[in-house]
Amino acid sequence: MRGAETFFIDLARLIVTWLEKQGMSPLVADIVLLVIQFICIAAIVTVNIIILIWLERKISGFIQQRLGPNRLGPWGIFQTIADAIKLLTKEDIIPSQTDKIIFRTAPIVFIVISLMLYVVIPFGDGMAIVDLNMGVLYFISVGSLGTIALLMAGWGSNNKWSLLGAMRAVAQMISYEIPLAFSLLGVIMIAGSLKMSDIIAAQNNVWFVFLQPVAFITYFIAATAELNRGPFDMPEAEQELTAGAYTEYSGMRWALFFLAEYTNLFAVSAMAAVMFFGGWQGPWLPSWLWLPIKAYIIMLVFFWLKWTLPRIRMDHLMSFSWKVLIPVTLVNLVVTGCVLQFFK
Amino acid sequence: MIESDFITINVGPQHPSTHGGLHAETVLDGEHIVDVKVHLGYVHRSVEKIAESRTYTQFIPYNSRLDYLATHLPAMGYCQAVEKLLGVTVPERAEYIRVIMAELSRIASHMLFIGSLAIDIGATTGLIYCFRDRERIMDMFEMTSGQRLIASYMRIGGIAEDLPEEFYPAVKSFLDDLPYMLDEYNNLLTGNEILQARLKNTGILPADKAIAYGVSGPNLRASGIAYDIRKAEPYSIYERFDFDVPIGSKGDNWDRFLMRIREIEESAKIIRQALQDLPEGEIRAKVPRIIKPEKGAEVYHRIESSKGELGFYIVSDGSEKPYRLHVRAPSFINLGVLPLISRGGKLQDLIANIATLDPVLGEADR
């Protein structure tokens, strides 16, 4: 059991010692290890997304009383791979009236930003790539950069639907950034640290979801909006804006947006697991299995919401953020502060 | 001050939620709708002109292609119009079967309304639920006429064939399950806060405007006017059945949505009564093989279709083909209020407005 627990850490240590034996200086060896870790993350994210997309399609099928993908492989598990191959081999269409540079870079910016989120996520005990002092702050600030990518896509496409989608995306993501950050502040106040490992350690006895239930609910709602998932999928809103900011994209460029959304989905769910459900802590199984398990359970709730609820209206969405979520999170902060002050 | 400008977007004819080839040229101020212009004609098939080169019998199947979602209703309206022109009396049993079929069509159409409204406002699962249940009506149509979507079952003077044996248990089990289906829709959609927030107080159509624009059917009743041709001017045998005409209060999207759910219940009531009283006997009156109404005879016959007042105006010149046939298409006239109810709303309301007006473009363009 102990071997399984530290498998990845031992592996990393093994690589470093091997590299040093080859005559590399410790600094270079560390850099090489970082590169390997980044490649691993890219690989994990890709495999994870393939599973996620398949899972979402299966679950939506289950909710809608149909079978979902069922042709390729057992239970259709190879469907996503077939789709990926199709998207990769599709013609790369760039409409003539677009702002070429912005149009091309937007999907790349989006996926890079969502991959950057994984740097601070502790996948297991001591398994964050960089355990930053201000990990939570990093997560929130990098997460909010995604808005720029959507704005680029909408503006660069030179299409009115795209522009409307981008406009919605910016308004929505900026408004929901605030309650998202505020709801995490309560947790940070209890843990007394912005460092992910400290926050997880602080949940040794009790998960923060029990100490901060309101914060968890507001985080969950704000995260749904932040992820542009139903019922808050305003920027895409295929029934209104055809495909919103992604209208002009096709083939792999479109797929990059799609991938980035799922990448974000896992990152945000993992963050919820870290902040509210004790991160990688759990009995019996190794720690690097517990975090994905928790994140997947949270993602199932995201799926469930998306496939059940209608899309909220834009003005309701905005007023909900400014008139309900932000006051609630602020009150939660004040109450948390008072409790901490008087009962400590 | 930042200078801002309106943008014009074309909602349709190629758009996911315009129910066919509807083109709404929309002027937007941000998310707010300044103006909507509806352009029609993308599915124009000149059905009225075709009628002039077909015999009265040959034209029957074209009717189901008008409102293909409530397949039996237009066909029934047309056949009754021709019967009125000829002075034919339809046998009792045929009348009852016609009513059963018409009300089943109405239920199918309203179920599709609920489903398409659900998907238009983003609740994808609602669509699947409604299609699953509508499928059972399609199966019944297949039993009786061999066709599912555009069944040609009505004939001048009656119906094509008698009901098959397997139809009775099918319709009975469908009616027994209907309350549970509606429960499911209510749980998934009607009770949903987001759906209520999106439909309530949007797309308001006041009663006086509704009358002025000639709106009919559930859309008119949602505005609070209890006008149902089945009650106001009973055709066929509708005066024998006991059913209510549900009315709304405000005429907003929410009322129009509720109207459909309640009309499904009323239609089910009618079908139950018709099945109970269903007499034995002939299913088609004696009608000459070649129908030649007298020269100069004209008729206007209207029925309550699932979309509103569906009228057929036929003028005969004494030959076996109509001299002129006009269809008063409720979808077309109901669409006239779309700019009125959409102005000042949000872009997202426009989608809901189109969905709750329930246009079938095949009928609107004809």
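What counts as what
- Residues numbered from 1 in each chain as written.
- Chains lettered and ligands numbered in written order.
- Predicted model: local features only at pLDDT ≥ 70, side-chain atom pairs only at ≥ 80, totals over all residues.
- Helix = DSSP H or I, 4+ residues; strand = E, 2+ residues; numbered from the N terminus.
- Rg over C-alpha atoms; globule rule 2.2 N^0.38 Å.
- Buried ≥ 20, exposed ≤ 12 C-beta atoms within 10 Å, placed from the backbone.
- Contact = placed C-beta atoms within 7 Å.
- Core = buried A, V, L, I, M, F, W, Y, C linked by C-beta atoms within 7 Å.
- Axes fitted to C-alpha atoms, helices over the stretch in contact; angles between N-to-C directions.
- Parallel < 35°, antiparallel > 145°, perpendicular 65-115°, else oblique.
- Left-handed = near helix turned anticlockwise from the far one by under 90°.
- Nonpolar A, V, L, I, M, F, W, Y, C, P; charged D, E, K, R; others polar.
- Bend = angle between axes of the 7 residues up to and from the residue.
- Pairing = 2+ DSSP bridges.

Glancing now at the overall build of chain A. If you tally the helices and strands in chain A, you get 15 helices and 0 strands. In terms of C-alpha radius of gyration, chain A reaches 21 Å, essentially the compact-globule figure of 20 Å for 344 residues. A principal-axis box enclosing the C-alpha atoms of chain A has dimensions of 55 × 55 × 40 Å. Taken across its 344 residues, chain A has 43% of its residues classed as buried. The contacts of chain A with a sequence gap of at least 6 include a subset with a gap of at least 24, amounting to 75%.

The next thing to look at is the nonpolar core. Core analysis: the biggest nonpolar cluster contains 103 residues, and B:Val82 and B:Leu338 have the highest contact counts within it. In terms of residue count, helix α4 (residues 92–120) of chain B provides more of this core than any other element does, 17 residues in total. Filtering out sequence-adjacent residues up to four positions away, B:Val82 remains in contact with B:Tyr56, B:Ile156, B:Ile291 and B:Ile314. Core analysis: the next-biggest nonpolar cluster, separate from the first, contains 84 residues, A:Ala166, A:Phe208, A:Tyr249 and A:Ala267 among them.

All names here are of chain A. Close contact between helix α3 (residues 26–63) and helix α4 (residues 79–88) brings their axes to 8 Å; oriented N to C, the two are set at 115°. Looking at the two axes, α3 sits roughly perpendicular to α4. Crossing angle aside, the handedness with which α3 passes α4 is right-handed. Contacts between α3 and α4 involve Ile-50, Ile-53 and Trp-54 from the first element and Gln-79, Thr-80 and Ile-81 from the second. In terms of residue class, the contact of α3 with α4 is built from 4 nonpolar, 2 polar and no charged.

It is worth spelling out helix α7 (residues 146–156) of chain A at this point. Residues and elements named next belong to chain A. Taken across its 11 residues, α7 has 9 buried, putting it largely inside the fold. Those residues of α7 that are buried are in contact with α5 (100–116), α6 (135–144), α8 (160–191) and α13 (251–276). Immediately beyond the C-terminal end of α7, within one or two residues, lies Asn-158, with a positive phi of roughly 55°.

Residues other than glycine seldom take positive phi values, yet B:Asn201 does so here, at roughly 60°. Its location among the elements puts B:Asn201 in the loop between α7 (193–199) and α8 (207–212).

Its location among the elements puts A:Met314 in helix α15 (residues 314–343). The exposure class of A:Met314 is buried, given the 22 C-beta atoms found within 10 Å. When neighbours within four sequence positions are excluded, A:Met314 is seen to be in contact with A:Arg168, A:Met234, B:Glu31, B:Lys346 and B:Gln348.

What follows concerns the interface of chain B and chain A. Each side of the interface is counted separately: chain B has 25 residues, and chain A has 22 residues. Looking at side-chain class alone, the side of chain B that touches chain A contains 13 nonpolar, 7 polar and 5 charged residues.

Residue and element names in this part refer to chain B. Bending of helix α6 (residues 167–190) peaks at approximately 40° at the position of Leu-178, with proline Pro-179 no more than four residues after it. Three or more residues of α6 are buried, namely Val-171, Leu-178, Tyr-185, Leu-188 and Leu-189. Where the residues of α6 are buried, they touch α4, α5 (124–145), α7 and α11 (253–277).

Moving on: the pairing of strand β3 (residues 32–39) of chain B. Residues and elements named next belong to chain B. Pairing between strand β2 (residues 23–29) and β3: 7 bridges, direction antiparallel. The residue bridging Leu-28 from the neighbouring strand is Ile-33, located in β3. Hairpin geometry of β2 and β3 is characterised by an intervening segment of 2 residues between the two adjacent antiparallel strands and by a positive phi of about 70° at Gly-30.

Before going further, it helps to spend a moment on the sheet that holds strand β6 (residues 298–304) of chain B. Residue and element names in this part refer to chain B. Pairing is antiparallel in the open sheet, where 3 strands are placed in the order β6-β7-β8. Of all the strands in the sheet, the pair left with one neighbour each is β6 and β8 (322–328). Pairs of neighbouring strands in the sheet enclose a mean axial angle of 15°, with direction left out of account. Examined bridge by bridge, strand β7 (residues 309–316) and β8 share 6 bridges and lie antiparallel to one another. The partner of Val-315 across the bridge, within β8, is Arg-324. Packing of helix α3 (residues 72–86) onto the sheet brings it into contact with β6 and β7, and relative to β6 it is tilted by some 145°.

Right, let's get into the packing of α5(A) against α13(A). Residues and elements named next belong to chain A. Interhelical geometry of α5 versus α13 gives an angle of 20° and a closest axis separation of 9 Å. Taken together, the axes of α5 and α13 are roughly parallel relative to one another. Considering how the two elements wind past one another, α5 and α13 form a crossing that is left-handed. Residues Pro-107, Ile-108, Phe-110, Ile-111, Ser-114 and Leu-115 of α5 form the contact with α13, whose own contacting residues are Arg-253, Leu-256, Phe-257, Leu-259, Ala-260, Thr-263, Asn-264 and Ala-267. By residue class, the composition of the contact of α5 with α13 is 10 nonpolar, 3 polar and 1 charged.

A separate point is the sheet that holds β2(B). Residues and elements named next belong to chain B. Reading across the sheet, the 3 strands line up as β1-β2-β3 and stay open at both edges, with antiparallel pairing between neighbours. Edge positions in the sheet fall to β1 (7–11) and β3, since each of these pairs with one other strand and no more. Between one strand axis and the next, the sheet turns by 20° as a mean value, whatever way the strands run.

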